[in-house]
Amino acid sequence: MLFRLLVPLGLLCALLPLHHGAPGPDGTAPDPAHYSFSLTLIDALDTLLILGNVSEFQRVVEVLQDNVDFDIDVNASVFETNIRVVGGLLSAHLLSKKAGVEVEAGWPCSGPLLRMAEAAARKLLPAFQTPTGMPYGTVNLLHGVNPGETPVTCTAGIGTFIVEFATLSSLTGDPVFEDVARVALTRLWESRSDIGLVGNHIDVLTGKWVAQDAGIGAGVDSYFEYLVKGAILLQDKKLMAMFLEYNTAIRNYTRFDDWYLWVQMYKGTVSMPVFQSLEAYWPGLQSLIGDIDNAMRTFLNYYTVWKQFGGLPEFYNIPQGYTVEKREGYPLRPELIESAMYLYRATGDPTLLELGRDAVESIEKISKVECGFATIKDLRDHKLDNRMESFFLAETVKYLYLLFDPDNFIHNNGSTFDAVITPYGECVLGAGGYIFNTEAHPIDPAALHCCRRLKEEQWEVEDLMREFYSLKRKRSRFQKKTMSSGPWEPPSRPGTFSSPENHEQAREKKPAKQKIPLLSCPSQPFTSKLALLGQVFLDSS
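So, how was this worked out
Residues numbered from 1 in each chain as written. Predicted model: local features only at pLDDT ≥ 70, side-chain atom pairs only at ≥ 80, totals over all residues. Heavy atoms only, no water. pLDDT = per-residue confidence, 0-100. Contact = heavy atoms within 4.5 Å. Buried < 20%, exposed > 50% of the residue type's maximum accessible area, 1.4 Å probe, protein only. Helix = DSSP H or I, 4+ residues; strand = E, 2+ residues; numbered from the N terminus. Polar contact = N/O pair within 3.5 Å; in protein donor to acceptor, adjacent residues only side chain to side chain. Pairing = 2+ DSSP bridges. Disulfide = S-S within 2.5 Å. Axes fitted to C-alpha atoms, helices over the stretch in contact; angles between N-to-C directions. Salt bridge = Lys/Arg side-chain N within 4 Å of Asp/Glu carboxyl O.

Looking up the chain in an unreviewed UniProt entry gives the name ER degradation enhancing alpha-mannosidase like protein 2, with the organism given as Ovis aries.

What follows is the structure, encoded as structure tokens:
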């Protein structure tokens, strides 16, 4: 049944009109804000590989390399460009070798798709140049932020960068991306109310809340998502602590009978008793922190809405049990299917497969058209709109496929992996644990450790220290030859070499990172900076 929806012809037919410079489905010229950098091709690229279509993945990579240009006079959403373009390119870059693409020397620390991702991200950096460090919502890809640009940005548009930007910084070695993402996260955290909630729109120049409705849905959603996923990706306890504190406030003020309402961020009083379809990501997020029971109860509430209409309306009035006027549509969003995939991986509950079956049948019966799958304009009468969102291919199709494909490489449990040689040593990739960005682009967390020269230098330091500590124990005449700072103490476990001074400096510079500080001496090359037991050791290689 699933494959009737995902047959290659149907998927590729939906993709083919969206090549660079191609006319739109109605024959008109393409919208430059989307087609000039082949948004849908980038957004759907990793889906092709997950579905097993290696040849099409390879062809699209060639198309993108020949046609993508970010030096265009287009006003682009900072948020959307990041999650779709930067995230899509990073994911495709890290999956290129698995897809049989011939990668260049130095991969995954270099490559054309990585350079494209970096180029796109650099176009977004001017948006972060605000007094608060929180970014504008829109930037012109050629000229930067327009002088008349509104300073009001939604919360998600500020807090949804750490996954892509930290990955980019790790692969390129340029810390600017992760730095601006962390500043934005910190400023939001500092702007929460006394009861621990955030609103959904804020002035990035003054830091004052413009819209004070607090909830887990539109305008806020992926901020919470990225605190959790950023914490997992970066092994960052501070990000997780932030989310857990938010989670407590959300349970205390917005949850009613396993539904989540909208409340006033300072008082906690209900402002909108509605369920938004975008909120259906929440059970999946709860599963990532191990809160399975609450996740399943909320998921089943949302599933009852799906069964009522054959899809999730954008807004659903909870007390009335019906759609909200002018919010009756379903643009084939992935969030409920995403939660089903996460929860099925965690529980194996067959109810979650039933949702997947219902989704396939509904989408195929209601929205399938001659060449693609159309947005459902109104779930009450199943009227269609003349558009197909790129997230249908990037997310909805992908999560459906992964729900029914337990043997997909994305679900790898670490039993298999690839060892690759980088300029910084051997690196393990493809062992599983993929972190999906909010547009369902999987990031291999192991890749973040492949391209860090400082980390590689730390390993060399550790090996030398272990070797010479062993010599120290054998040769008592070396026992008094120590570094000027005092006697050297052997580490209790690998990866603990640092001076107290360096440790405090690293903590002050990036308090959100729970990392071991690295020995470094910027004024000298590595070959002449290591002194142990009174001797200087040079790299003889």
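From this point, the discussion proceeds with the structure in view.
## Some words on the confidence of the model for the chain
Mean pLDDT over the chain: 84, with 77% of residues reaching 70 or higher. For the stretch residues 7-37, pLDDT sits under 50, and the model shows 49 contacts to residues farther than four places along the chain or on other chains. Considering only residues more than four positions removed or in separate chains, one finds that residues 476-541, a stretch of pLDDT under 50, has 83 contacts.

## Some points on helix H9 (residues 162-172)
Among the eleven residues of H9, ten are classified as buried, and the element is accordingly described as predominantly covered. Those residues of H9 not exposed but buried are Ile-162, Val-163, Glu-164, Phe-165, Ala-166, Thr-167, Leu-168, Ser-169, Ser-170 and Leu-171.

## Quick look at the environment of Leu-300
With respect to the element layout, Leu-300 can be found in helix H14 (residues 292-309). With a relative accessible area of 38%, Leu-300 lands in the partly exposed category.

## Thoughts on the side chain of Glu-56
Note that Glu-56 resides in helix H5 (residues 54-67). At a separation of 2.4 Å, a polar atom in the side chain of Glu-56 contacts the side chain of Arg-59.

## Things to note about the sheet that holds strand E13 (residues 322-323)
Sheet strands pair via backbone hydrogen bonds, and the direction of the pair is either parallel or antiparallel. Ordered in space as E11-E12-E13, the three strands form an open sheet in which the pairing is antiparallel. Since the sheet does not close on itself, it has two edges, and those belong to strand E11 (274-276) and E13, each with one partner. When strand E12 (residues 315-317) meets E13, the two strands line up antiparallel, connected through two bridges. From the neighbouring strand, Tyr-316 faces E13, where its bridge partner is Thr-323.

## A few points about the pairing of strand E18 (residues 418-422)
With five bridges joining them, E18 and strand E19 (residues 425-429) adopt antiparallel strand pairing. Note that in E19 the partner of Asp-418 across the bridge is Leu-429. In this structure, the hairpin formed by E18 and E19 is closed by a connection of two residues.

## So, the state of the cysteines
Scanning all chains against the criterion turns up two disulfides. Shown here is the disulfide that connects Cys-109 with Cys-451, its sulfur atoms set 2.1 Å apart. Between Cys-109 and Cys-451 the sulfur-sulfur dihedral comes to about -90°; the bridge is accordingly left-handed. Of the two residues, Cys-109 sits in the loop between helix H6 (78-95) and helix H7 (112-124) while Cys-451 sits in the loop between strand E21 (442-443) and helix H18 (453-474), which places them 342 residues apart along the sequence. Each member of the pair, Cys-109 as well as Cys-451, is classed as buried.

## Digging into the sheet that holds strand E3 (residues 152-154)
An order of E3-E4-E5 is seen for the three strands of this open sheet, with the pairing classed as antiparallel. A single partner strand is all that each edge strand has here, and the edge strands are E3 and strand E5 (209-211). In this sheet, adjacent strand axes meet at a mean angle of 35° when their direction is disregarded. Examined bridge by bridge, strand E4 (residues 201-203) and E5 share two bridges and lie antiparallel to one another. Bridging across to E5, His-201 finds its partner in Ala-211.

## Regarding the pattern of salt bridges
Under the definition given, this model contains 20 salt bridges. Here Glu-56 and Arg-59 are joined by a salt bridge, their closest N and O atoms 2.4 Å apart. With Glu-56 and Arg-59 both in helix H5, this residue pair falls three residues apart, about one helical turn. Among the residues examined, Arg-59 registers a relative accessible area of 26% and is labelled partly exposed. Taken together, the shared-partner salt bridges in this structure form one network comprising Glu-80, Arg-84 and Glu-439.

## Observations concerning unusual backbone geometry
The omega torsion of the bond from Trp-107 to Pro-108 falls at 10°, within 30 degrees of zero and hence cis. With respect to the helices, strands and loops of the structure, Pro-108 is situated in the loop between H6 and H7. The phi angle at Asp-258 is positive, at roughly 65°, despite the residue not being glycine. The topology assignment puts Asp-258 in the loop between strand E7 (255-256) and strand E8 (259-260). Given the relative accessible area of 19%, Asp-258 is considered buried. At Leu-332, a residue that is not glycine, the phi angle is positive and equals roughly 60°. Assignment of secondary structure puts Leu-332 in the loop between E13 and helix H15 (335-347). Judged by relative accessible area, Leu-332 falls into the buried class, the value being 1%.

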